[in-house]
Amino acid sequence: MIIRNIEVSQFRNYSNCKTKLSPAVNWIYGANGQGKTNLVEAVYYLCNLESFRTKKPALLLQEKKSEAVLKAQLERTKVLHSVQVNITKKGRQVLLDHAPSRRVSEYILSFMALSFTPEDVNLFRSVPQERRKFFNRIIAFNDSLYFKNIQEYTKIVAQKNSLLRQGKTVQIPLWNEMLAGSAAKLMKLRSDFVAQINLHLSGIFEGLSGRSESLKLFYKPSLNIADFNENNYLLQLDKSLPRDLQYGFAVLGPHRDEYHLLLDGKKDKDYFSQGEFRITNLSLKMTINRLLYERYKFYPVLIFDDLFSELDAEVNKHVFQFFLELKNQIFITSTSKPPHSLPGKIFQVVKGQLV
Amino acid sequence: MQIPVALERLVYEFSRFPGVGRKTAQRLAFNILRYTSEETQNLADALVQVKEQIRYCSVCSGFTDVDPCSICSHTGRDQEQVCVVEQPNNIFPIEKSGVFKGVYHVLMGAISPLDGIGPEQLNLHKLRNRIANKNINEMIIATNPTVKGEATALYLQHEFAGNISKITRLACGIPAGGDLEYVDDITLMEAFSGRHTINT
Ligand SMILES: [Zn+2]
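Criteria and thresholds
Residues numbered from 1 in each chain as written. Chains lettered and ligands numbered in written order. Predicted model: local features only at pLDDT ≥ 70, side-chain atom pairs only at ≥ 80, totals over all residues. Heavy atoms only, no water. Helix = DSSP H or I, 4+ residues; strand = E, 2+ residues; numbered from the N terminus. Buried < 20%, exposed > 50% of the residue type's maximum accessible area, 1.4 Å probe, protein only. Contact = heavy atoms within 4.5 Å. Areas by Shrake-Rupley, 256 points an atom, 1.4 Å probe, with all protein chains shown as cover. Donors = N, O, S within 2.8 Å, 3.2 Å for Na, K, Ca; no water. Tetrahedral: all angles 85-135°; square planar, octahedral: opposite > 155°, others 65-115°. Core = buried A, V, L, I, M, F, W, Y, C linked by side-chain atoms within 4.5 Å. Axes fitted to C-alpha atoms, helices over the stretch in contact; angles between N-to-C directions. Parallel < 35°, antiparallel > 145°, perpendicular 65-115°, else oblique. Nonpolar A, V, L, I, M, F, W, Y, C, P; charged D, E, K, R; others polar. Buried area = accessible area lost by both parts, 1.4 Å probe. Salt bridge = Lys/Arg side-chain N within 4 Å of Asp/Glu carboxyl O. Pairing = 2+ DSSP bridges. Left-handed = near helix turned anticlockwise from the far one by under 90°. Phe/Tyr/Trp six-rings, centres within 6.5 Å; stacked < 30°, edge-to-face > 60°. Lys NZ or Arg CZ within 6 Å of the ring centre and 35° of its normal. pLDDT = per-residue confidence, 0-100. Right-handed = clockwise from strand over helix to strand, strands pointing away.

**Examining the overall build of chain B**
Part 1: When helices and strands are tallied, chain B shows seven helices and seven strands.
Part 2: Across chain B, helices and strands are ordered from the amino to the carboxyl terminus as α-α-α-β-β-β-α-β-α-β-α-β-α-β.
Part 3: Each of the 200 residues in chain B was classed as buried or not, and the buried ones make up 42%.
Part 4: Nonlocal contacts in chain B, meaning residues at least 24 apart in sequence, comprise 56% of its contacts between residues at least 6 apart.
Part 5: When the accessible surface of chain B is summed, it comes to about 11,300 Å², and 54% of that surface belongs to carbon and sulfur atoms.

Structure below.
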């Protein structure tokens, strides 16, 4: 997908900013605090309908304004769509081709940006639900059934939890059976996706870092995987009833699944340095990017916020080389002009304006 | 200017309908102000009559103005085939499609612990009696393809597996998460012909 042009109004420190964009690299530079990240945040919001920095819409509004408006023309599979998002304190309204888009799920399954920001270094250090949320989004994009399965599964868990809170154990086996069937589907899709990632992850890691260790994404389901056998899941779920009751919620199932990164078998949280968290995360995102275009001929918008100041010089060289081979539309923020020539456009940001 | 009391009362009554906001309620109320006296009387009569005449059938719990309903008392219908639905209004689209020649049973809901609805809140007592006293050889489960509907189907399957030789579930065609009420005839026909046995 390509964003042809963008208009950002009353968003963060932007009063109004309107510009055409390059389908290749858009290099956005300026001193700190001028609004480089705010601009790519707007780009990200237009693609993913959320911010990579905050969950509070109020923080996205310009001071003393009640509404921020983002407009863009997005091209997907050679079709040009006009998109407008109105953000208020209470939430957002999406207009796709001038009509209110009720099905946000369909929208976010059509457009996508992959971001790489300083905060991303924490993905494998933060709470497990952040990782589940991240992978859910990507797997749903690969498989629209997965999205429905997740919604269905979430409802089943809510029903089971409600019984646990009410202490009505008689009905639990029925909901465990529902849960087992739904879990089997989710776990199969997650496991298949991780296997796909691992086909390329080590190679891409080597290309970006120049290091030859094996990098693996490890899927650790809450239920013992047992060949995705529903009956086996049902046994495990029924056995966990005393613990379910003790905690007051369903303790087993895909809503408790984990993902880890392993570098030569060493687990992220226990062994990775700050730099390793960063470069492995970038490798993972670039692997996802490759999967998306190999399997779906889809090129997500790529956003790199302040990437080059965070990596060391040797890695920077590798990364630059890697970038030149990408066919995606790319947004890069930096405090300086590009050190090498790149295909695309260069923007300078000063106080919320492009100069 | 303030809205006159009588008008406000009508707006309030309309705004209690599901999915009707205050604006729509006002539009409906203003529309009625344009009615002739006769039209208004017809509307009022219709409201009173529907309440006076429409009841739940004592056999299947569908909506009816005679008891038992015209489906339950129809000699041409296959009394050995029971189609189980969640709500009385689920019967109408199936009848309209004309694909089903058996009889119905309305559960008056679906299992949903979050809403405080368990099997004991459903209209299952009458269903058990019907199965015990009549020769029923197939139960077609036509609950909605939602999580609640699927859980209810699973419950029925376990509950009646030993009593009925054939239990089937409406198959493909119905969009997942959808509601029988909004499914078109062709989709319903496909769903009936493609139903699959679940008590094997
Ligand atoms: Zn009847």
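The rest of the description comes next.
**Looking at the coordination of the zinc ion**
Tetrahedral metal sites with four donors have an ideal angle of 109.5 degrees; octahedral sites with six donors have ideal angles of 90 or 180 degrees.
All names here are of chain B.
Part 1: Looking at the zinc ion, the protein donor atoms are Cys57 (SG), Cys60 (SG), Cys69 (SG) and Cys72 (SG), and they sit 2.3 Å from it.
Part 2: Each of the four donor atoms around the zinc ion contributes to a set of angles spanning 106 to 114°, which defines the coordination as tetrahedral.
Part 3: Written as a sequence motif, the donor arrangement for the zinc ion is C-x2-C-x8-C-x2-C. Neither cysteine 57 nor cysteine 60 differs from the other in exposure class; each is buried.

**Remarks on the nonpolar core**
Part 1: In terms of nonpolar packing, the biggest core is built from 150 residues, with Ile3, Leu217, Leu282 and Phe304 of chain A together with Met139 of chain B touching the most fellow members.
Part 2: A total of 17 residues in this core trace back to one element, the largest contributor, which is helix 5 (residues 172-209) of chain A.
Part 3: Contact partners of methionine 139 of chain B, with chain neighbours within four places excluded, come to Val82, Val84, Leu127, Ile131, Leu156, Phe160, Ile164, Lys166, Ile167 and Thr168 of chain B.
Part 4: Leu7, Ala25, Ala29 and Ile32 of chain B belong to the second-largest nonpolar core, a separate cluster that totals seven residues.

**Remarks on the packing of helix 3 (residues 128-142) of chain A against helix 5 of chain A**
All names here are of chain A.
Part 1: Contact geometry for helix 3 and helix 5: axes closest at 11 Å, N-to-C directions at 90°. When the axis of helix 3 is compared with that of helix 5, the two are roughly perpendicular. Here helix 3 contributes Arg132, Phe135, Asn136, Ile138, Ile139 and Asn142 to the contact with helix 5, which in turn contributes Leu189, Arg190 and Phe193.
Part 2: Partitioned by chemical class, the residues of the contact of helix 3 with helix 5 number five nonpolar, two polar and two charged.

**Describing the interface of chain A and chain B**
Part 1: Taken together, the contacts link 15 residues of chain A with 15 residues of chain B.
Part 2: In this assembly, chain A packs against chain B so that about 1,200 Å² is buried in total across both faces, 71% of it on carbon and sulfur atoms.
Part 3: There are zero salt bridges connecting chain A and chain B.
Part 4: For the side of chain A that touches chain B, the secondary-structure elements that each account for two or more residues are helix 4 (144-166) and helix 5 of chain A.

**Topic: the sheet that holds strand 6 (residues 91-96) of chain A**
All names here are of chain A.
Part 1: Overall, antiparallel pairing links the six strands, which are arranged 2-1-4-5-6-7 in an open sheet. This sheet does not close on itself; its edge strands, each paired only once, are strand 2 (14-20) and strand 7 (99-100).
Part 2: Two elements, strand 4 (residues 67-76) and strand 5 (residues 79-88), share ten bridges in a ladder whose sense is antiparallel. Along strand 5, the bridge assignment pairs glutamine 73 with serine 82.
Part 3: Lying on the sheet, helix 1 (residues 36-48) is in contact with strand 1 (2-11), strand 2, strand 4, strand 5 and strand 6; it crosses strand 1 at an angle near 115°.

**Here's the deal with the pattern of salt bridges**
Residues and elements named next belong to chain A.
Part 1: With the rule as written, the count across this model stands at 21 salt bridges over all chains.
Part 2: Measuring nitrogen to oxygen at the nearest pair gives 2.8 Å for the salt bridge that ties glutamate 41 to arginine 53. Remark: arginine 53 occurs in the loop between helix 1 and strand 4 and glutamate 41 occurs in helix 1; sequence separation between them is twelve residues.
Part 3: Assessed through its relative accessible area of 33%, arginine 53 is described here as partly exposed.
Part 4: As a salt-bridge pair, arginine 211 and glutamate 276 come within 2.7 Å of each other at their nearest N and O atoms. With arginine 211 in the loop between helix 5 and strand 9 (215-220) and glutamate 276 in helix 9 (residues 274-296), this pair connects stretches of sequence that are 65 residues apart.
Part 5: On the accessibility criterion, glutamate 276 (15% relative accessible area) is buried.
Part 6: The structure contains a network of salt bridges with shared partners spanning Arg12, Glu41 and Arg53.

**Description of the packing of helix 5 of chain A against helix 6 (residues 230-239) of chain A**
Residue and element names in this part refer to chain A.
Part 1: Look at helix 5 against helix 6: their axes get within 8 Å of each other, and the N-to-C directions meet at 130°. When the axes of helix 5 and helix 6 are compared, the pair comes out oblique. Viewed along their axes, helix 5 and helix 6 form a crossing whose handedness is right-handed. For the pair helix 5 and helix 6, the contacting residues are Pro173, Asn176, Glu177, Leu179, Ala180, Gly181, Ala184 and Met187 in the first and Glu230, Tyr233, Leu234, Leu237 and Asp238 in the second.

**Points about the packing of aromatic side chains**
Residue and element names in this part refer to chain A.
Part 1: For the coordinates displayed, the defined rule picks out 19 aromatic pairs over all chains.
Part 2: Both rings, one in phenylalanine 134 and one in phenylalanine 135, keep their centres 5.1 Å apart while their planes meet at 75°; by these two values the pair is edge-to-face. Each member of the pair, phenylalanine 134 together with phenylalanine 135, is buried.
Part 3: An aromatic cluster is defined as three or more aromatic residues linked by ring pairs; in this entry it consists of Phe124, Phe134, Phe135, Phe193, Tyr219 and Tyr259.
Part 4: We note arginine 125 situated over the ring of phenylalanine 277; from NZ or CZ to the ring centre the distance is 4.5 Å.
Part 5: In this arrangement the basic side chain of lysine 188 is found over the ring face of phenylalanine 228, its NZ or CZ atom lying 5.6 Å from the centre.

**Description of the environment of valine 349 of chain A**
Residues and elements named next belong to chain A.
Part 1: Topologically, valine 349 is positioned in strand 14 (residues 344-350).
Part 2: For the pair valine 349 and lysine 216, spaced 133 residues apart in sequence, the C-alpha to C-alpha distance is 38 Å.
Part 3: The contacts of valine 349, once residues within four sequence positions are left out, are Tyr14, Ile28, Tyr29, Gly30, Gln34, Gly35, Lys36 and Leu354.

**What to know about the confidence of the model for chain B**
Residues and elements named next belong to chain B.
Part 1: Summing up the model confidence of chain B, the mean pLDDT is 89 and the portion of residues at 70 or higher is 86%.
Part 2: Confidence scores differ between elements of chain B, with helix 7 (residues 185-193) showing the lowest mean pLDDT of 65 and strand 4 (residues 102-106) the highest of 97.
Part 3: Confidence estimates for the predicted assembly give a pTM of 0.85 and an ipTM of 0.81.

**Section: the pairing of strand 3 (residues 78-85) of chain B**
Residue and element names in this part refer to chain B.
Part 1: As paired elements, strand 3 and strand 4 share five bridges and run parallel to each other. Each residue of the ladder has a partner; that of valine 82, found in strand 4, is valine 103.
Part 2: A crossover links strand 3 with its parallel partner strand 4, the connecting element being helix 4 (residues 91-97), and its sense is right-handed.
Part 3: The pairing of strand 3 with strand 5 (residues 138-141) spans four bridges and is parallel.

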